[in-house]
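# Residue-level structural notes
The primary structure of each chain is shown beneath.
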Amino acid sequence: MAAELVKSERRGPVGLLTLNRPQALNALNHPLMDQLEAGLDRFAAEAAVRCVVITGGERAFAAGADIKEMDRLSAAQMAADSHLSRWDKLGDFPKPTLAAVSGFALGGGCELALACDLIVASESAQFGQPELALGVIPGAGGTVRLARALGKARAMELVLTGRRLGAREALSQGLVNAVFPVESYLREALALAERLASLPALAAAAAKKSVAYALDHGLEESLRRERALFASLFDTRDQKEGMKAFIEKRKPAFTGT
Ligand code: DAK
């Protein structure tokens, strides 16, 4: 039987994917990425799952793509790698995603966390892009997402020098949403995920789309798109329920429709 490199469980409305290759600090080799992709596909299709958490271990979220799988590849082989497109899946995921990060989040590990909507970190988390030391650059969104999250000066520094950001610094610079002690970060992440899971699902998907769109487009187009998404939600049951519940001074019972 193939090793379980990504554990997949349901915690009520939350899908939890745990990277499970501790002997290699969760280096993201192809078999692990296959299982991660399969887990994401499953949770995307499962209506009862309303939010997905990706986590690793206490020592490492993930220390990057597997260097021992890449070291001999040529440029043509790397460019032709049929697995590359799946890195986009997480960014395009239709439900809220949350990375619960402890220990090393380096290279592809940092990029994996950055591709999630929110990041909850443990005090021991370290984020970094050490690829230049390997003779390459970040290739799964690191230069792009760090530039957007932190601005030019910080992104240049992190990418060019490989300096790691500790959890507190990452929090103060807006890279992560919250930091908790190692003993409780996963519990806190799951509690936050449960809150996200209770949101009206179509509105949550629209909110994600709108924020992502705004990061890629100009102000005017983004405002137009936001307005269209806003209006589209008025055909949903959850909009009727949400507003009715407010008026009736009760908690809304959202159905995700
Ligand atoms: N790949 C393979 N094995 C790794 C690994 C990695 N990235 N990181 C750690 N390991 C393995 C080590 O080789 C070691 O294995 P054994 O020697 O025991 O067999 C084991 O994990 C424990 O690691 P260490 O002995 O090194 O542990 P230390 O505590 O001393 O050091 C460390 C921890 C995280 C500082 C160190 O392991 C380290 O520097 N690791 C490499 C970090 C790194 O350079 N990461 C970036 C890799 S490049 C793309 C998609 C993805 C990517 C690019 C493009 N496309 C979609 C286009 C991503 C690229 C990368 O991430």
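Residues numbered from 1 in each chain as written. Predicted model: local features only at pLDDT ≥ 70, side-chain atom pairs only at ≥ 80, totals over all residues. Heavy atoms only, no water.

Our focus in this paragraph is helix H10 (residues 201-216). Look at H10: 23 Å from first C-alpha to last across 16 residues, which is about the 22 Å you get at 1.5 Å a residue. When H10 is considered as a whole, its buried residues turn out to be Ala 204, Ala 205, Ala 206, Lys 208 and Ser 210. (Helix = DSSP H or I, 4+ residues; strand = E, 2+ residues; numbered from the N terminus. Expected span 1.5 Å × (residues − 1). Buried < 20%, exposed > 50% of the residue type's maximum accessible area, 1.4 Å probe, protein only.)

What follows deals with the packing of aromatic side chains. What the rule picks out here adds up to one aromatic pair. When the centroid spacing of 5.2 Å and the interplanar angle of 65° are considered together, the rings of Phe 230 and Phe 234 count as edge-to-face. You can call Phe 230 exposed: its relative accessible area is 52%. (Phe/Tyr/Trp six-rings, centres within 6.5 Å; stacked < 30°, edge-to-face > 60°.)

Burial within strand S7 (residues 118-122) is extensive, with four of its five residues counted as buried. Alignment of strand S5 (residues 97-101) against S7, held across four bridges, turns out to be parallel. Within S7, the residue paired with Ala 100 across the bridge is Val 120. When S7 meets strand S10 (residues 178-180), the two strands line up parallel, connected through three bridges. By the bridge assignment, Val 120 is partnered in S10 with Ala 178. (Pairing = 2+ DSSP bridges.)

Near the ligand, the surroundings consist of 25 residues, among which Arg 59, Ala 63, Ala 65, Lys 68 and Gly 108 are the closest. With respect to the ligand, the side chain of Arg 59 contributes an N or O atom lying 2.6 Å from an oxygen atom. Between the ligand and Gly 139, the relevant distance is 3.5 Å, taken from a nitrogen atom to a main-chain nitrogen or oxygen of the residue. Bound to the protein, the ligand loses 66% of the 1,100 Å² it would expose on its own. When contributions to the shell around the ligand are tallied by element, the ones reaching two or more residues are helix H2 (67-70), strand S6 (104-106) and helix H5 (108-115). Per-element tally for the shell around the ligand: the top contributor is H2, with three residues. (Near = heavy atom within 4 Å. Polar contact = N/O pair within 3.5 Å; in protein donor to acceptor, adjacent residues only side chain to side chain. Areas by Shrake-Rupley, 256 points an atom, 1.4 Å probe, with all protein chains shown as cover.)

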